[in-house]
Amino acid sequence: MKSVTDLGDLRGQRVLVRCDLNVPLDGDTITDDGRIRASLPTINQLREAGAKVIVLAHLGRPKGKVNSEFSLAPAARRLSELLDAEVTLADDVVGDSARATVEALADGQVAMLENVRFEPGEESKDDGERSELADKYAALGDAFVSDGFGVVHRKQASVYDLASKLPSAAGGLVEAEVEVLQKLTGDAARPYVVVLGGAKVSDKLNVIANLIRTADTLVIGGGMVFTFLAAQGHEVGKSLLESDQIDAVKGYLDEAASGGKQIILPTDIVVVPEFAADAPATVVRADEMPKDQLGLDIGPESAERFAAVIEKAHTVFWNGPMGVAEMEAFAKGTRAVAEALTKVDGLSVVGGGDSAAAVRDLGFADDDFGHISTGGGASLEYLEGKDLPGLSVLAD
Ligand code: ADP
Ligand code: MG
């Protein structure tokens, strides 16, 4: 991959930089600005090189339609504060406002286009549609820097197609993330434990087949747990469940058993009658979940067992909270896992937007961990050995 410095003299050049500014929002308040902070070094490097910096980013899933609820305005404001410099946000993505905004930039100044996902071409499955949008982005710049690590697994116009339209390079964030992931796929120090949780059950279930080949132990928490428990024939009540994945999960359990790998599931679960922060919670055995309740966290016994396994590892990759960590009552499992990661003698990596937000929210510092990755899905796909379109397009 080419680096920013390989792009030559950038003074006066219009440089489009794809960042991942998909921050969690409460109204228009950013609850974790980690991804914006992670984007600063590359943006500053471009400013210092005298480039006219044009940031491309997405927020949420507006699905190809303009929707002010998903405006990048909060991200632009925060970026401006953190850079201590003006950041002009265009009113559109590739329209008159975008062109005028770019036109007005002086060397070293920063502008942002509106949410790229306002454009239907951005996430289109049609190569022609994406390419057409990428041409419009390319018309606004002289070079492209890909630094949105959280989206490099997406074949999208501002991630993939644009890179073949202009001289392109990987930004420092993408380089740093890839460097850590290489350590996890190369000869990782053993025991190597992967901890999976969170809510994107079907996405993450797919990665398990590959992860049980690379890691020694897989620890499962979060919403994914219930598909495993169901695969073992247990009742899961009203919990998150992907019924159509039960057979696949049975296969993973068999494969792990025959391959001498361990899949560790919780033995107790925190359940509530309905999804609410103040719902009356009880702890039940994982194989005796009541029909009329749902599980929102792993129980204390499981938290202790998970922590013991993690602490003994020399390499740990963790993606996905163990429970609904946004609610204090269901954050205990996530806290225990985070705490255990801080004690790892070796490399500990936290990946995923919500996971990173959870550990910061629980009061952990970024340097308590070996690395906090800005990308959950991207990291997982890399670890799976998949081809990431946003990276392979940058290969020289
Ligand atoms: P990441 O962003 O770190 O990759 P995900 O987006 O997959 O993680 O999942 C995070 C979400 O998972 C959180 O919003 C959390 O509330 C939710 N979650 C975790 N455990 C459960 C559960 N048992 N039931 C429902 N939601 C859960
Ligand atoms: Mg998430």
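The preceding data block contains the structure.
Sequence order sets the numbering: in each chain, residues are counted from 1 along the sequence as written. Key to labels: chains lettered from A, ligands numbered from 1, both in the order written. Only residues with pLDDT of 70 or above have their local features reported here, since the model is predicted, and side-chain atom pairs are shown and tallied only from 80 upward, although totals for entire chains, interfaces and linings are computed over all residues. Where side-chain values are given, they derive from all heavy atoms of the structure, hydrogens and water being excluded.

Caption draft 1: Structural detail: helix 1 (residues 34–48). Where helices and strands are cited, they refer to DSSP runs of H or I of at least four residues and of E of at least two residues respectively, numbered from the N terminus. For a helix, the expected span equals 1.5 Å multiplied by the number of residues minus one. Across its 15 residues, helix 1 extends 22 Å between first and last C-alpha, which sits within 8% of the 21 Å expected from 1.5 Å per residue. Bend is computed residue by residue as the angle between axes fitted to the seven residues ending at the residue and the seven residues starting at it. Roughly 35 degrees is the biggest bend found in helix 1, and it falls at Leu 40, with proline Pro 41 one to four residues downstream. Three exposure classes are used, based on accessible area relative to the maximum for each residue type with a 1.4 Å probe and protein chains only: buried under 20%, partly exposed in between, and exposed over 50%. Listed as buried for helix 1 are Gly 34, Arg 35, Ile 36, Ser 39, Leu 40, Thr 42, Ile 43 and Leu 46. The positive-phi residue at the C-terminal boundary of helix 1 is Gly 50, with phi of around 85 degrees.

Caption draft 2: Seen up close, the sheet that holds strand 17 (residues 371–373). A pair of strands is treated as paired once DSSP finds two or more bridges between them. Taken in spatial order, the 6 strands line up as 11-10-9-15-16-17 in an open sheet, and their pairing is parallel. Two strands lie at the open edges of the sheet, namely strand 11 (262–264) and strand 17, each paired on one side alone. Neighbour to neighbour, the strand axes of the sheet diverge by 15 degrees on average, direction disregarded. By the bridge criterion, 5 bridges tie strand 15 (residues 315–319) to strand 16 (residues 347–351) in an arrangement that is parallel. The residue bridging Trp 318 from the neighbouring strand is Val 350, located in strand 16. We call two residues in contact when some of their heavy atoms are within 4.5 Å. Fitted lines through C-alpha atoms serve as axes, helices being fitted only where they are in contact, and the angles separating the N-to-C directions of these axes extend from 0 to 180 degrees. Together, strand 9 (192–196), strand 15 and strand 17 form the strand contacts of helix 12 (residues 377–384), whose direction differs from that of strand 15 by roughly 135 degrees.

Caption draft 3: Inspection of a negative patch on the surface at higher detail. Only residues above 30% relative accessible area that lack a salt bridge enter a patch, with like-charged residues linked at up to 9 Å and the nonpolar side chains Val, Leu, Ile, Met, Phe, Trp and Tyr linked at up to 5 Å. Computed with the Shrake-Rupley method and a 1.4 Å probe, the accessible areas treat only the protein chains shown as cover for residues. Definition used for salt bridges: Asp or Glu carboxyl oxygen within 4 Å of a side-chain nitrogen of Lys or Arg. Neither His nor the chain ends contribute to the count of charged residues, in which Lys and Arg are positive and Asp and Glu negative. For charged residues, the charge sits on one atom: NZ in Lys, CZ in Arg, CG in Asp, CD in Glu. Together, Glu 326, Glu 328, Asp 354 and Asp 361 give the surface a local cluster of negative charge. Structurally, Asp 354 can be placed in helix 11 (residues 353–361).

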